[in-house]
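Reading the structure
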Amino acid sequence: MTISTSDKPFLTRVKESENDHFMQQSVAKAQDAQWDKRTAAREELGNWEQWRDLGEQIRQHVIKYLPDYLEQFSDNVTKKGGHVFFAQTDEEAANYIKEIAKKKNAHKIVKSKSMVTTEIDLDKVLLSLPDTSLMETDLAEFILQEDDWDEPTHIVFPTLHKNRNQIQKVFKKLGYSGTNDPEEMAKFARKYLREYFMQADLGITGCNFAIADSGLINLVTNEGNADLTMAIPETQIVVMGMERIVPSLKEAEVLDNMLCRSAVGQKLTSYCSFSGKQVVGESDGPSDFYVVILDNGRSNALGTDFEPVLQCIRCGACLNVCPIYRHIGGHGYGSIYPGPIGAVLSPVLDGYEKFGDLPFASSLCAACTETCPVKIPLHNLLIKHREVMMDKLKMDHSFNNVLMKGAGVATSSPILFKMALEGDHLGSAPLSKSKKTTVDNLFNYGHIEKAPSLGAGWTNVRDLARPPKHSENFRSWYKKHKKEQQEGVSHD
Amino acid sequence: MKVAIFSTCVVDLLFPNVGQAMVEVLERFGCETALPTDQICCGQPTYNSGYRKESNKVFYNEIDALLSANADYIVGPAGSCVAMLREYPHILKDDPEYSQKAQELADKSYEFSQFLYNVLGVIDAGAQLDATATYHRSCHMTRLLGEKTAPFKLLEQVKDLKMVPLPHLENCCGFGGTFSVKEPEISKQMVDEKVDSVISTGAKILISADASCLMNIGGRFSRRNESIKIMHIAEVLNHNVDTSRIRYKDQPTTV
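A quick note: this is a predicted structure, and the numbers were derived from the prediction, not measured.

Cut-off values and rules
- Residues numbered from 1 in each chain as written.
- Chains lettered and ligands numbered in written order.
- Predicted model: local features only at pLDDT ≥ 70, side-chain atom pairs only at ≥ 80, totals over all residues.
- Heavy atoms only, no water.
- Buried < 20%, exposed > 50% of the residue type's maximum accessible area, 1.4 Å probe, protein only.
- Helix = DSSP H or I, 4+ residues; strand = E, 2+ residues; numbered from the N terminus.
- Phe/Tyr/Trp six-rings, centres within 6.5 Å; stacked < 30°, edge-to-face > 60°.
- Lys NZ or Arg CZ within 6 Å of the ring centre and 35° of its normal.
- Domains from an automatic or database assignment.
- Contact = heavy atoms within 4.5 Å.
- Buried area = accessible area lost by both parts, 1.4 Å probe.
- Salt bridge = Lys/Arg side-chain N within 4 Å of Asp/Glu carboxyl O.
- Polar contact = N/O pair within 3.5 Å; in protein donor to acceptor, adjacent residues only side chain to side chain.
- Expected span 1.5 Å × (residues − 1).
- Nonpolar A, V, L, I, M, F, W, Y, C, P; charged D, E, K, R; others polar.
- Pairing = 2+ DSSP bridges.
- Axes fitted to C-alpha atoms, helices over the stretch in contact; angles between N-to-C directions.
- Parallel < 35°, antiparallel > 145°, perpendicular 65-115°, else oblique.
- Left-handed = near helix turned anticlockwise from the far one by under 90°.
- Patch = residues over 30% accessible without salt bridge, like charges linked within 9 Å, V, L, I, M, F, W, Y side chains within 5 Å.
- Areas by Shrake-Rupley, 256 points an atom, 1.4 Å probe, with all protein chains shown as cover.
- Right-handed = clockwise from strand over helix to strand, strands pointing away.
- UniProt positions renumbered as here; feature names shortened; annotations may be inferred.

Moving on to helix α7 (residues 112-119) of chain B. Residues and elements named next belong to chain B. Counting buried positions over the eight residues of α7 gives six, a clear majority of the element. Among the residues making up α7, those that are buried are Phe 112, Ser 113, Gln 114, Phe 115, Leu 116 and Tyr 117. Looking at the residues trailing α7, positive phi occurs at Gly 121, about 75°.

Here it is as structure tokens:
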């Protein structure tokens, strides 16, 4: 499996992100900008909540009847002379594609951005072929490729962590001598890539939606690179996750609308195409057409609590609202699928040993669930993952586990809780500080700067209020208050 | 109307001032209150950490305790904890003994400001507070409970109180229950951004409808030696009340 982007432990990645001020600033800036754009694009459409209901229904329906739709899609591709390959694993998929490249004697390959080809590590496999050039033609993926295959940090904006100076430096290696002006650099990339397009004999794209009743592939981009990748080379290979399917053009229209508004805050991207194998009378398009449909762990979710994760349309909106992603960035997650969707999907695809930390890296603020255009209950699925790890797999063998179970007992036994309420003020005496605090009306009974055990996580970052004496706590006040009321004593 | 006070473990353990203010405001508006003493906690600490089996016992205890008051409504000073009560029917939907009770509990549970504004129909609680303040919109209150309006409407009417908007209102403060102790490295960065946002408003008071978020943000203010006053919305609406100014939503603006 190759969805992993790092072998470093989770905490190390978090620390590295914290020190990467540029990354944090650019993520925050992008999140803020996208917030406004996305909100405006959704408001302009109107009735957004109803659109979400519709999006959810379409995706749930497809997942429920996935085998049928896949069969229909596959039949329709084959009928038009295309080929379909169902790959169980990343390796199977990559090898199949490699064999096609060999069979077609292809040496000049162009690709358009596709997370699923990153997932199967396709670039590396194809570059192992003799005399083969491979060019990522999505501007951001092109930059990553030329920067020694740097890992993407966002599923829609892969180079979110890079600034214009860094990009200028990358381009200089390719003979660029201009300024760090984005437009000038984009022009350079356009010209540079055009030659690769014109000479390519094999094009590889991802797939936004596969249309079951026609066998067509729907792609949305802002650069038009996917369209050229489909139109020019004689052979085209489409790689798609097995869930990326819609019944007909009608549903694709709904989902494209929601995808573009959610992903980039646009009504529609500059290019939105539906295509497949070249048919008689067409002047462009591939004469040889392959679709690789990938499972690679997706079927782990079928029939489980995690099935809704397959509804995802990869818009990345959940990353753009996530306060955790805002600080740890894509690399912090250590998966090519970062953010809330990544924290849910990565353990489904590749297990808890590798990605068990991710579901805990969430404050469960539910911003992801709120923004998801197809209503995946993301924060609830994070809790589900925690449940599987703690309750079913019993993965935590540390003292924290004992403490959490203790917390379960303490918060379900009224007698124990009442005892705690009586003893907590005195019990906290050795920890408390009488030192002046700058905060008014929070530490009315003192505060604690260093707590033991689990509490240390709290006091490593912030002060903790000391509990009041038993006679001064809320329940004691209430008892007195009620007594006074009954006795008819007035109080102020 | 009888209201059972859902005090929450945080208020029971740490913040009597919040519970007291809430009770006083509710009684001012004619509610007969009761405090079921067997209640403990909504169960988020264990449930959100993945300890499902242990959590069921917490849920059962809380449901039995809160329903035992036979009240018309159950009102709590925390959007997050009330949102959890509203989750019970989903979590316990297959529980033969508790699914019905969970629904009954959820149907009558409200967060304090939500209850005041939506159920009692109060727009002006009659409070006065001469200060500049900002409001932290807690995530569960907004997104899970779906209450985005009530606190703002009520605070708008507090006499002499100048409310300034908090930038990045939508971002979590980094509390997240056990998240704050399990992932302090990330939580710290989040709460720091929140503290910076509050400071940028120039507000002297930070208000919220969730005591836990206030405990987090205020705790970080203190650690950073930055000055702020923390007030729960119940305390604000209970401050210097002039009952002659009390006004309901369906009343005309000038009395």
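What follows is about the packing of aromatic side chains. Summed over the entire model, instances satisfying the criterion amount to 21 aromatic pairs over all chains. Both rings, one in A:Phe142 and one in A:Tyr192, keep their centres 5.6 Å apart while their planes meet at 40°; by these two values the pair is tilted. With A:Phe142 in helix α8 (residues 139-146) and A:Tyr192 in helix α10 (residues 182-199), the pair connects residues that are 50 residues apart, well separated along the chain. One aromatic cluster is present, formed by A:Phe142, A:Phe171, A:Tyr176, A:Phe188, A:Tyr192 and A:Tyr196 through successive ring pairs. Its guanidinium or amino end placed over the ring of A:Trp35, A:Arg38 lies 5.3 Å from that ring's centre, counting from NZ or CZ. Above the ring of A:Phe360, the side-chain terminus of B:Lys182 is found at 4.6 Å from the ring centroid.

We now examine the domain arrangement of chain B. All names here are of chain B. Taken domain by domain, chain B holds domain 1 (2-117) and domain 2 (122-237). The distance between the C-alpha centroids of domain 1 and domain 2 comes to 22 Å. Of the residues lining the interface, 27 residues belong to domain 1; the matching set on domain 2 comes to 23 residues. Between domain 1 and domain 2, roughly 2100 Å² of surface is buried when both sides are summed, and carbon and sulfur atoms account for 68% of that area. The largest contributions to the domain 1 side of the interface with domain 2 come from Ser 113, Leu 116 and Tyr 117, which together make up 25% of the buried area. Summed over the shared surface of domain 1 and domain 2, the result is zero salt bridges. In this structure, the connection of domain 1 to domain 2 is made through eight residue pairs in polar contact (both at pLDDT 80 or more). The set of elements that each furnish at least two residues to the side of domain 1 that touches domain 2 consists of α1 (9-13), α2 (16-28), α3 (44-47), α5 (79-91) and α7. The biggest single contributor to the side of domain 1 that touches domain 2 is α2, with six residues.

Let us look at helix α15 (residues 339-350) of chain A. Residues and elements named next belong to chain A. Here α15 is 12 residues long and its end C-alpha atoms lie 16 Å apart, about the 16 Å a rise of 1.5 Å per residue gives. Counting buried residues along α15, 11 of its 12 residues qualify, which places the element largely inside the surrounding structure. Within two residues after α15, Gly 351 carries a phi angle of roughly 85°, on the positive side.

Contacts between the two partners involve 78 residues from chain A, matched on the other side by 81 residues from chain B. At the boundary of chain A with chain B, total buried surface from both sides reaches about 6900 Å², with 58% on carbon and sulfur atoms. Our count for the chain A to chain B interface comes out at eight salt bridges. Ionic pairing is found between A:Lys418 and B:Asp38, a salt bridge with its closest N-O pair at 2.9 Å. At the boundary of chain A with chain B, the tally comes to 39 residue pairs in polar contact (both at pLDDT 80 or more). Residue classes in the side of chain A that touches chain B are distributed as 35 nonpolar, 21 polar and 22 charged. The sheet contact formed by strand β12 (residues 439-440) of chain A and strand β9 (residues 228-232) of chain B spans two bridges and is parallel. Looking at the pairing, A:Asp440 lines up with B:Lys229 of β9(B).

Residue and element names in this part refer to chain B. Here α2 crosses α7 at 10°, and the two axes come no closer than 11 Å. The angle between α2 and α7 places the two elements in the roughly parallel class. In terms of crossing hand, the pair formed by α2 and α7 is left-handed. Of the residues in α7, those in contact with Met 22, Val 25 and Leu 26 of α2 are Phe 112, Phe 115 and Leu 116. Of the residues assigned to the contact of α2 with α7, the class counts are six nonpolar, no polar and no charged.

Time to look at a nonpolar patch on the surface. Residues and elements named next belong to chain A. Taken together, the side chains of Val 409, Ile 415, Leu 416 and Met 419 define a hydrophobic patch exposed on the protein surface, amounting to about 400 Å² of accessible area. The greatest single-element share of the nonpolar patch, amounting to three residues, is contributed by helix α20 (residues 414-427). With respect to the element layout, Ile 415 can be found in helix α20. A relative accessible area of 64% means that Ile 415 is categorised as exposed.

Another point: the domain arrangement of chain A. As a measure of interface size, the accessible area lost when the parts come together is often cited. Partitioning chain A into domains gives domain 1 (10-300) and domain 2 (422-487). With centres defined by C-alpha atoms, the gap from domain 1 of chain A to domain 2 of chain A works out at 55 Å.

Okay, the environment of A:His379 next. Its location among the elements puts A:His379 in helix α18 (residues 378-392). Residue classification places A:His379 among the buried positions, given a relative accessible area of 7%. Sequence spacing of A:His379 and A:Ser363 is 16 residues, and the spatial spacing of their C-alpha atoms is 8.9 Å. What A:His379 contacts, discounting residues up to four positions off in sequence, is A:Leu364, A:Ala366, A:Cys368, A:Thr369 and B:Leu144.

Bringing the sheet that holds strand β1 (residues 2-5) of chain B into the picture now. All names here are of chain B. The strand order across the open sheet formed by four strands is β2-β1-β3-β4, and the pairing between neighbours is parallel. Every interior strand has two partners, whereas the edge strands, β2 (32-34) and β4 (109-111), have only one. If you compare each strand with its neighbour and ignore which way they point, the axes differ by 35° on average. Contacts from α7 reach β1, β3 (73-76) and β4 within the one sheet, and its direction differs from that of β4 by about 105°.

With that settled, the discussion passes to the pairing of strand β8 (residues 205-208) of chain B. All names here are of chain B. Taking every second residue as pointing to the same face, both faces of β8 are buried, with Ile 205 and Ile 207 on one and Leu 206 and Ser 208 on the other. Summarising the sheet, strand β6 (residues 128-136) and β8 pair through four bridges and their orientation is parallel. When the bridges of β8 are listed, Thr 134 appears paired with Leu 206. Bridge count for β8 against β9 is four bridges, and the pairing is parallel. Looking at the pairing, Ile 205 lines up with Lys 229 of β9. Viewed along the sheet, the connection from β8 through helix α12 (residues 211-223) into β9 turns out right-handed.

This part is about the pattern of salt bridges. Residue and element names in this part refer to chain A. Considering all chains together, one arrives at 36 salt bridges over all chains under this definition. A salt bridge links Asp 32 to Arg 326, with the nearest nitrogen and oxygen atoms 3.2 Å apart. Taken as a pair, Asp 32 in helix α2 (residues 21-45) and Arg 326 in helix α14 (residues 323-333) lie far apart in primary sequence, 294 residues in all. For Arg 326, a relative accessible area of 3% translates into the label buried.

Attention now goes to the UniProt feature "domain: Cysteine-rich" (unreviewed entry) in chain B. Residues and elements named next belong to chain B. Following the UniProt record, one finds the feature "domain: Cysteine-rich" (unreviewed entry) at residues 3-86 and 134-217. Counted over residues 3-86, helix gives 55% and strand 12%. Its end C-alpha atoms are 17 Å apart. Between the C-alpha atoms that bound residues 134-217 the distance is 13 Å, and the span itself is 50% helix and 14% strand.

In this section: the pairing of β3(B). Walk down a regular strand and you will see the side chains alternate between the two sheet faces. Residue and element names in this part refer to chain B. With three bridges joining them, β1 and β3 adopt parallel strand pairing. If you follow Ala 4 over to β3, its bridge partner there is Ile 74. Here β3 pairs with β4 via three bridges, running parallel. Looking at β4, one finds that Val 75 is bridged to Tyr 110.

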